[in-house]
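# Secondary and tertiary structure notes
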Amino acid sequence: MKHLFVFLLYMLGATAVAHAQDSTAPVVKWQYSAEKKNDGEYVLHLKGTIDKGWQLFSTTMSDDEPNTRVVLDTTAAATATLTNVTEAGKLNSRKEPLLDNANIKFFENEVELLATVKLKPGANKVAGSVNFMAIKGEEVVGPEETAFKFNLDAAGNLTSVAAGLQESSDAAQTLKRNNIVLDSPANTCGGIGHEGKKSLWGIFILGMLGGFIALLTPCVFPMIPLTVSFFTKKTKEKSKGIMNASLYGFFIFLIYVLLSLPFHFLTSLNPEILNNISTNIWLNLAFFVIFIVFAISFFGYFEITLPSGLASKVDAKTSVGGIIGIFFMALTLALVSFSCTGPILGSLLAGSLSTDGGAMQLTMGMAGFGFALALPFAIFAMFPGWLNSLPKSGGWLTTVKVVLGFLEVAMAIKFLSNADLVKHWGLLKREVFFGIWIIIGVCIVLYLLGKIRFPHDAPLKKLSPTRLVFALIFAAFTLYLLPGVTNTPYANRALISGFPPPLTYSVYGEDAAKGKGVEANVVNDYEKALALAKAQHKPLLLDFTGWACVNCRKMEENVWPKDEVKTIIKDDYILVSLYVDDRKLLPEDAQFLFTTGTGHKKEIKTIGDKFATMQTENFSNNSQPFYVLISPDEKLLTRPVGYTPDVKAYASWLKCGLEAFKSSNVAVNK
């Protein structure tokens, strides 16, 4: 199980780095040719030149390991079949520390893949891709996808042609709307700055709550009196002991903030990268599996630890003394407490990447977590007498850990739901999601009442008042969830809006949302909405949203249904919801290569690619939800706004846009 966890973390990092590579050249350059073997059967020669220092994983690596694969496109599967893949070149092998010293097979400098394909009668082309992963030290890329395409000529030979997407000026105009002017609109009400700041402080507070929860785990809580006593007794001067303990706390805070800095670098490479990562199917599935593994660990069936050698090396540095020694003491705490703090940090990481603040929200969340974790060490160093008021370590710490395990399962279901929504699998409809959370809530209550036990639990001799209070709290919350499985007006559970799937994603069908949201001319295509706006002479409300966007669901379920908002949208606007994380492929003739404002080449292949790029290029913003009011001739009516939970403020913003629209009409008529 330890090896499995290491591999999952490895794949998680690989996915993130793969997205970071979108705007850079691939580490393997491929050339393609083909030879005819016999009638209908061909051998594709896929020659790869590998950049210096990089190692390309072999096709002989198993599916649950990093590997290279040759695959045919879905469209080509009906015309050709891949029957065999062999390799030519020097195949090397070694043990890889990142995979817990598992044996890997790889190529350096160059490789040739020989793919045998068989064309079906009447077929005239073969298309596919080489999907590969490569490693250089601790840097990993992949899965990278390089497309190839062959056409069958009159002589019966396969000839390589340019694969991939081509640039199209006409198609590019659908993304860059030259009429939309962001600067100095006629009406300046609105703006997203205030809400953004409020959201950052909100995520800081959530990070603090996560840190306070981490303090109550068996890995951290016993360290508080031990560490504080170490600093206060080591030095004769009380002030110096307090200073050292405070410095220790500051370094804990600093370490967790530093963990978020790489994500700022990723956003500088590509402003949409965090949204791509948070809605990536495989990343969400990886989070689902990792959280289930964390939960099983919290239930006491095994323990997750970082490599012992790493902790030992860091711990050895603590003897240096002075500021450096204190820093390594803080780093040692972060490492040895990973089995308890890791799941909470994972929740914070995944939640921040899925919200609208990106890397800055992650930094604020990590800062809040580190601040809460560091605070007791500084406070108890200043007032060591307070240590006597701390509860003694005991079985209650195990109880906290098990309850956290159940909550990890609930979070795992959320990430599985994200993947399900983006791909429209239909596995976790809204009522199914609620049903699973209700079962988890019942299990927590039964555990707190002593009806369920795990391996490390001692028999519950007496039900303490604290345990009973928490059982009642979870029981009340579980009862609150019950209407969520019904097709009634009470199905909309406002307290957790955004976590379950939207009301339209229901086992009762899309009609289940009627009477619970905005009943208006809602379309999901910008061009169609624009045509409708011109025909009805109404302004457009652009809703840049996402299937996995929590705050989007909160707006749709808690703000839009209110009468003062609902009436305005229904009567005075054409509402168009553009899903930036929709992974449904565009028709083949609608896919193209787009040059962004920063000069990067970007493939527009999915519905989400199209609308995410449209938002970034026109409004220099990539957060969701993001609301824009424009006239039928694509003139900005007022400042765009983001997440605005205040119903009156949102209604006022909509009215402000209407006033600007009416004023512009009066000016034109004059």
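In this text, all values refer to a predicted model and were calculated from it rather than measured experimentally.

The subject of this paragraph is the packing of aromatic side chains. For any pair of aromatic rings, the description rests on two quantities: the centre-to-centre distance and the angle between the ring planes. This model, assessed by the stated rule, comprises 27 aromatic pairs. Three or more aromatic residues link up through ring pairs in this structure, and these residues are F299, Y301, F406, Y447 and F454. Taking NZ or CZ as reference, R467 lies 5.2 Å from the ring centre of Y447, over its face.

Moving on, we come to the packing of helix α15 (residues 430–448) against helix α16 (residues 465–481). To describe two helices that pack against each other, one gives the angle between their axes and the distance between the axes. Where α15 contacts α16, the axes come no closer than 9 Å and their chain directions differ by 165°. Classified by the interaxial angle, the pair formed by α15 and α16 is roughly antiparallel. Between α15 and α16 lies a crossing of left-handed hand. Every residue of α16 that contacts α15 at F434, W437, I438, G441, V442, I444, V445, Y447 and L448 is listed here: R467, F470, A471, F474, A475, T478 and L481.

This part takes up the state of the cysteines. All chains considered together, the criterion is met by one disulfide. Across the disulfide, C549 is cross-linked to C552 (sulfur-sulfur distance 2.2 Å). Taking the torsion about the sulfur-sulfur bond, which here is approximately 80°, the covalent link between C549 and C552 counts as right-handed. We classify C549 as buried; its relative accessible area is 7%.

Detail in the predicted coordinates should be disregarded across regions flagged by low pLDDT. Taken residue by residue, the chain gives an average pLDDT of 78. The fraction at 70 or more is 74%. Across the chain, the element-wise mean pLDDT spans from 44 in helix α1 (residues 2–20) up to 95 in α15. Confidence drops under pLDDT 50 across residues 1–24; counting only partners more than four residues distant or on other chains, this segment forms 55 contacts. Under a pLDDT of 50 for its full length, residues 192–198 has, in the predicted model, eight contacts with residues more than four places off or in other chains.

Topologically, T59 is positioned in the loop between β3 (55–57) and β4 (69–72). T59 has contacts with T68, R69, V85, E87 and L113, leaving out every residue within four places of it along the chain.

The next point concerns the pairing of strand β6 (residues 92–96). In terms of strand pairing, β6 meets strand β7 (residues 102–107) through five bridges, oriented antiparallel. Considered in β7, the bridge of E96 is made with A102. Adjacent in sequence and paired antiparallel, β6 and β7 are bridged by five residues, among which D100 carries a positive phi angle near 60°.

With that settled, consider α16. The terminal C-alpha atoms of α16, which comprises 17 residues, lie 25 Å apart, in line with the 24 Å expected from a rise of 1.5 Å per residue. Within the sequence span of α16, burial applies to R467, A471, F474, T478 and L481. Burial along α16 is one-sided: seen end-on, the buried residues are contained in an arc of 75°. Facing away from the buried side of α16 by more than 90 degrees, the exposed set consists of P465, T466, L472 and L479.

Moving on, we come to helix α18 (residues 550–558). Burial runs high along α18: seven of the nine residues are buried. Among the residues of α18, V550, N551, C552, R553, M555, E556 and E557 are the ones counted as buried.

Moving on, we get to a nonpolar patch on the surface. Together, L449, L460, L463, L468 and L472 line one region of the surface with nonpolar side chains, adding up to about 380 Å² of accessible area. Tracing the chain through its elements places L449 in the loop between α15 and α16.

Next up on the list: the sheet that holds strand β8 (residues 110–119). Taken in spatial order, the four strands of this open sheet run β1-β2-β8-β5, and their pairing is antiparallel. Two strands lie at the open edges of the sheet, namely β1 (28–38) and β5 (80–88), each paired on one side alone. Taken pair by pair, the neighbouring strands of this sheet meet at an average axis angle of 20°, ignoring direction. Inspection of the sheet shows β1 paired to strand β2 (residues 41–50) by 10 bridges, in the antiparallel sense.

The next subject is the environment of L586. In this structure, L586 sits in the loop between β14 (574–579) and β15 (592–595). Look at L586 and you get buried, because its relative accessible area is 12%. Linking L586 and I607, residues 21 residues apart in sequence, is a C-alpha distance of 5.9 Å. Residues within four places of L586 in sequence aside, it is in contact with Q591, I604, K605, T606, I607 and K610.

The subject of this paragraph is the side chain of K538. Residue placement: K538 occurs in the loop between α17 (526–536) and β13 (540–545). For the buried K538, no salt bridge exists, and the shortest N-O distance to an oppositely charged side chain is 6.3 Å, to D571. Excluding anything up to four places from it in sequence, K538 contacts A533, K570, D571, D572, Y573, I574, P632 and F661.

Core analysis: the largest hydrophobic core is formed by 32 residues, its most contacted members being F299, F406, W437, I440, I444, Y447 and L448. The element contributing the most residues to this core is helix α14 (residues 395–423), with 10 residues. Once residues within four sequence positions are removed from consideration, F406 is found in contact with F299, I440, C443, I444, Y447 and F454. The next biggest cluster of nonpolar side chains, apart from the first, holds 28 residues, and it includes W30, A80, A115 and F150.

What follows deals with the environment of L397. Of note, L397 is situated in helix α14. Each C-alpha atom, one on L397 and one on L216, is 6.6 Å from the other, the two residues being 181 residues apart in sequence.

Accessibility expressed as a relative area gives 17% for K538, which makes it buried. Put simply, K538 and D571 are 33 residues apart on the chain and 9.2 Å apart in space, counted from C-alpha to C-alpha. A polar contact is formed between the side chain of K538 and the backbone oxygen of D571, at a distance of 3.1 Å.

For a regular strand, the rule is simple: side chains alternate between the two faces of the sheet. For strand β9 (residues 125–136), the buried fraction is high: nine of the 12 residues fall into the buried class. One ladder, built from four bridges, connects β4 with β9; its direction is antiparallel. Note on β9: the bridge partner recorded for V71 is S129. Strand direction decides the pairing type here: β9 and strand β10 (residues 139–152), joined by 11 bridges, are antiparallel. When the sheet's bridge partners are listed, V126 is paired in β10 with F150. Between β9 and β10, which follow one another and run antiparallel, lie two residues, and G137 among them has a positive phi close to 65°.

Parameters at a glance
- Residues numbered from 1 in each chain as written.
- Predicted model: local features only at pLDDT ≥ 70, side-chain atom pairs only at ≥ 80, totals over all residues.
- Heavy atoms only, no water.
- Phe/Tyr/Trp six-rings, centres within 6.5 Å; stacked < 30°, edge-to-face > 60°.
- Lys NZ or Arg CZ within 6 Å of the ring centre and 35° of its normal.
- Axes fitted to C-alpha atoms, helices over the stretch in contact; angles between N-to-C directions.
- Helix = DSSP H or I, 4+ residues; strand = E, 2+ residues; numbered from the N terminus.
- Parallel < 35°, antiparallel > 145°, perpendicular 65-115°, else oblique.
- Left-handed = near helix turned anticlockwise from the far one by under 90°.
- Contact = heavy atoms within 4.5 Å.
- Disulfide = S-S within 2.5 Å.
- Buried < 20%, exposed > 50% of the residue type's maximum accessible area, 1.4 Å probe, protein only.
- pLDDT = per-residue confidence, 0-100.
- Pairing = 2+ DSSP bridges.
- Expected span 1.5 Å × (residues − 1).
- Arc of directions from axis to C-beta.
- Patch = residues over 30% accessible without salt bridge, like charges linked within 9 Å, V, L, I, M, F, W, Y side chains within 5 Å.
- Areas by Shrake-Rupley, 256 points an atom, 1.4 Å probe, with all protein chains shown as cover.
- Salt bridge = Lys/Arg side-chain N within 4 Å of Asp/Glu carboxyl O.
- Lys, Arg positive; Asp, Glu negative; His and termini not counted.
- Core = buried A, V, L, I, M, F, W, Y, C linked by side-chain atoms within 4.5 Å.
- Polar contact = N/O pair within 3.5 Å; in protein donor to acceptor, adjacent residues only side chain to side chain.

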